[in-house]
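Okay, here's what each chain looks like letter by letter:
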Amino acid sequence: MISYPNVKINLGLHVLRRREDGFHDLETLFVPYSGISDCLEIVTGDDFSRTLAGLKERYGRLAQAVTPDGKLMITIARKEGVDWDPLKDLTAKAYGLLAQAYKLPPMKIFLEKRSPVGAGLGGGSADAAFALRAISALAGLGLSDAELASFAARLGSDCAFFVYNTPMLGTGRGEVLEPYSIDLSPYRTEVVIPEGISVSTADAYRGITPRIPAKGLREVLSQPISTWREALKNDFEETVFAKYPALSSVKERLYASGALYAAMSGSGSAFFALYKKD
């Protein structure tokens, strides 16, 4: 089973308060972005991959690992190389999480990692959510979206969003989701990934001061897009720009190029811009 996990952008991101469990309460609008995607193939243990030969041809050396019980093999290909343990990839964790609750057949995961790491686009979370859906289908579990989202929320704060993959207002840690209707069809979305800058989410949180904004996200999003430049904020920008001043220049260049709205996505370092379609 082959799928193409897409990334997301955040329209507004407020860090409201620190919670007793160490996490933070957030308010953001998750919007799927299909311009960047990974390629994820999952097959049962006795099946053959349709992508493995292509991955070897394009990438040469692949990162590969097998769980101690031999039930899961995972292969990851990435242009920049894979500097993490494949068994700690969120797709492998997705298999392990479902295996705790259900009897799963042996499986093989093949992940072509094309989305950037440490860019605030949620590529790893998307991989996890798409993996949960594929594993459920291959194992005949028949899990509903709500059940898949419940598992996804245990893997990461924004994982559950990718189960639904439609604009969602996220609160709590980001895992409390509510469908949100927004029409971005009059606008062209472009995503920019600055070279050589990867932002740690933990670092981004470390310097942030939680606060309740004067206007809630719903109110700001209901305003004309012409007001968003001043009113629609990503709270991470202040602390991340302080550490990486070059990122502030990226945002300025996007506005100089004619963007109606531009912002950092998530905790960075990627940016997106909305332009009026010609």
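Residues numbered from 1 in each chain as written. Predicted model: local features only at pLDDT ≥ 70, side-chain atom pairs only at ≥ 80, totals over all residues. Heavy atoms only, no water.

Q: Before we go on, may I ask you to explain the packing of helix 9 (residues 236-243) against helix 10 (residues 245-256) in this structure?
A: Working note: a packed helix pair is described by the angle between its axes plus the distance between those axes. Here helix 9 crosses helix 10 at 120 degrees, and the two axes come no closer than 5 Å. Comparing their axes, helix 10 and helix 9 come out oblique. Residues Glu237, Val240, Phe241, Ala242 and Lys243 of helix 9 form the contact with helix 10, whose own contacting residues are Pro245, Leu247, Ser248 and Lys251. A breakdown of the residues in the contact of helix 9 with helix 10 according to their chemical character gives five nonpolar, one polar and three charged. (Axes fitted to C-alpha atoms, helices over the stretch in contact; angles between N-to-C directions. Helix = DSSP H or I, 4+ residues; strand = E, 2+ residues; numbered from the N terminus. Parallel < 35°, antiparallel > 145°, perpendicular 65-115°, else oblique. Contact = heavy atoms within 4.5 Å. Nonpolar A, V, L, I, M, F, W, Y, C, P; charged D, E, K, R; others polar.)

Q: Is there a simple way to think about the packing of aromatic side chains in this case?
A: The description of two aromatic rings rests on the distance between their centres and on the angle between their planes. Scanning all chains against the criterion turns up seven aromatic pairs. Measuring from centroid to centroid gives 4.9 Å for Phe161 and Phe162, while their planes differ by 65 degrees, and the two rings are edge-to-face. The buried category is assigned to Phe161, whose relative accessible area is 0%. Put simply, the rings of Phe30, Phe161 and Phe162 pair up and form one aromatic cluster. The cationic tip of Arg173 hangs over the ring face of Phe23; the distance from NZ or CZ to the ring centre is 5.0 Å. Across from the ring centre of Tyr255, 3.7 Å away, lies the NZ or CZ of Arg229, which sits over that ring. (Phe/Tyr/Trp six-rings, centres within 6.5 Å; stacked < 30°, edge-to-face > 60°. Buried < 20%, exposed > 50% of the residue type's maximum accessible area, 1.4 Å probe, protein only. Lys NZ or Arg CZ within 6 Å of the ring centre and 35° of its normal.)

Q: Sorry if this is basic, but what is going on with the side chain of Ser136 here?
A: With respect to the element layout, Ser136 can be found in helix 3 (residues 123-138). When sequence neighbours within four positions are dropped, the list of residues in contact with Ser136 reads Leu98, Leu141, Gly142, Leu143 and Leu148.

Q: So what exactly am I meant to see when it comes to the state of the cysteines here?
A: In a disulfide, the sulfur atoms of two cysteines are covalently bonded to one another. On inspection of all chains with the given rule, the structure shows zero disulfides. No disulfide involves Cys159; its sulfur sits 19 Å from the nearest other cysteine sulfur, which is in Cys39. (Disulfide = S-S within 2.5 Å.)

Q: How do you make sense of the pairing of strand 4 (residues 39-44) when you look at a structure like this?
A: One face of the sheet, then the other: side chains in a regular strand alternate in exactly this way. Among the six residues of strand 4, six are classified as buried, and the element is accordingly described as predominantly covered. Burial along strand 4 is two-sided: the face carrying Cys39, Glu41 and Val43 and the face carrying Leu40, Ile42 and Thr44 are both buried. Both strand 1 (residues 2-3) and strand 4 contribute to a ladder of two bridges, which runs antiparallel. Bridging across to strand 4, Ile2 finds its partner in Glu41. (Pairing = 2+ DSSP bridges.)

Q: Mind showing me how you'd approach the sheet that holds strand 12 (residues 271-276) here?
A: To summarise the sheet geometry, strands pair through backbone hydrogen bonds and adopt either a parallel or an antiparallel arrangement. Strand order in the open sheet made by the three strands is 10-12-11, with antiparallel pairing throughout. Looking at strand neighbours, the two that pair on one side only are strand 10 (187-192) and strand 11 (261-264), the edges of this open sheet. Taking each pair of neighbouring strands and ignoring which way they run, the sheet shows an average axis angle of 15 degrees. Note that strand 11 and strand 12 share four bridges and pair antiparallel. What sits directly across from Ala262, in strand 12, is Ala273. Strands strand 11 and strand 12 of the sheet are contacted by helix 9, whose axis makes an angle of about 70 degrees with strand 11. On the sheet, helix 10 packs against strand 10, strand 11 and strand 12 and is oriented at approximately 10 degrees with respect to strand 12.

Q: Teacher, can you tell me more about the sheet that holds strand 4 here?
A: Taken in spatial order, the five strands line up as 1-4-7-6-5 in an open sheet, and their pairing is mixed. For this open sheet the edge positions go to strand 1 and strand 5 (63-66), each flanked by a neighbour on one side alone. Pairing between strand 4 and strand 7 (residues 107-113): six bridges, direction antiparallel. Residue Glu41 lies in a different strand from strand 7, and its bridge partner there is Phe110. Taken strand by strand, helix 1 (residues 52-59) contacts strand 6 (72-78) and strand 7, and its axis lies near 35 degrees from that of strand 7. Most of the contacts of helix 3 go to strand 4, to which it runs at about 25 degrees, and overall it touches strand 1, strand 4 and strand 7.

Q: I'm lost on unusual backbone geometry in this one. Help?
A: Residues other than glycine predominantly adopt negative phi, and peptide bonds predominantly adopt the trans conformation. Cis geometry is adopted by the peptide bond preceding Ser269, which originates at Gly268 and carries an omega value of 20 degrees. Tracing the backbone shows Ser269 in the loop between strand 11 and strand 12. The phi angle at Asn165 is positive, at roughly 55 degrees, despite the residue not being glycine. Considering the arrangement of structural elements, one finds Asn165 in the loop between helix 5 (159-164) and strand 8 (168-171). Residue Asn165 is classed as partly exposed on the basis of its relative accessible area, which comes to 24%.

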